[in-house]
Amino acid sequence: MRYLFVVVLMFWVWPVVAEEDWQLVLVNQWQALPEGYEVELTELRNDFYVDERIYPELQAMFDAARQEGIYPLVVSAFRDETEQQGIIDERVNNYMAQGYSWQAALDETLRTVAPPKYSEHETGLAVDINAENGDDQAVYDWLAEHAHAYGFIVRYPADKVAETGIDYEPWHFRYVGVEHATYMYEHDLSLEAYVEMVGDADSDLSE
Ligand SMILES: [Zn+2]
């Protein structure tokens, strides 16, 4: 009886996570995109692509923002390995044009750009969002407060750099589903911390 209570309590406290929940796929500088990862893409209006499963809520979030006079604009979304490499090559060339050696240029570039297979953009679940009218801060503020209701999180918060390995990026949003996003928002958790927490909960329950 007491055991049952503990199990029920755990389900109540933590969102129930199915094993290998696609919404929680973790890609960061320590963890590459899973081998053979496949994504069904949907095209956005301005030539960007996202995982088709996140499109309805992304659209709903943008509609809600616009109704409040906030005009978000997707400026980057899905990128494949080739595009990710292209970004790196371009930055390296820019640094080399400024006199950096190839190695120094590469080192400098990798401080802010993830190498292929290590960018969350390759999941199709991440979007960079700015403002249509130039007022980026208003968009960041609105999204920071409301995105979780549509299943998105501020993926790289200012106070979580040690956990995420990425500097503060108020424009980068990651879809994790409404339930997970709301929990992370309310408990101030990074995706890294949350994935670890639910992983532990899963193994506790299966004992
Ligand atoms: Zn991004």
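Residues numbered from 1 in each chain as written. Predicted model: local features only at pLDDT ≥ 70, side-chain atom pairs only at ≥ 80, totals over all residues.

### Focus on helix H7 (residues 178-187)
- Taken residue by residue, H7 has His180, Ala181, Tyr183 and Met184 as its buried positions. Buried residues of H7, viewed axially, fall in a sector of 165°; they line one side.
- Backbone geometry just downstream of H7 places aspartate 188 in the positive-phi region, at approximately 55°. (Buried ≥ 20, exposed ≤ 12 C-beta atoms within 10 Å, placed from the backbone. Helix = DSSP H or I, 4+ residues; strand = E, 2+ residues; numbered from the N terminus. Arc of directions from axis to C-beta.)

### Examining unusual backbone geometry
- In this model, lysine 117 sits at a positive phi of 80°, which is unusual for a non-glycine residue.
- As for its position among the elements, lysine 117 is in the loop between helix H4 (102-110) and strand S4 (126-131).
- In this structure, aspartate 188 is a non-glycine residue whose phi angle is positive, near 55°.
- Considering the arrangement of structural elements, one finds aspartate 188 in the loop between H7 and helix H8 (191-205).

### Considering the nonpolar core
- Core analysis: the largest hydrophobic core is formed by 32 residues, its most contacted members being Met61, Val127, Ile129, Ala147, Phe152, Ile153 and Phe173.
- At the level of secondary structure, the elements contributing two or more residues to this core comprise helix H2 (55-67), S4, helix H5 (136-146), strand S5 (152-156), strand S6 (169-175), H7 and H8.
- Apart from the residues within four sequence positions on either side, phenylalanine 173 is in contact with Ala126, Val127, Ile129, Leu143, Ala147, Phe152, Ile153, Val154 and Arg155. (Core = buried A, V, L, I, M, F, W, Y, C linked by C-beta atoms within 7 Å. Contact = placed C-beta atoms within 7 Å.)

### Side note on the confidence of the model for the chain
- Per-residue confidence for the chain gives a mean pLDDT of 90, with 88% of residues at or over 70.
- Taken together, the stretch residues 5-9 has pLDDT below 50 and engages in 1 contact with residues farther than four places along the chain or on a different chain. (pLDDT = per-residue confidence, 0-100.)

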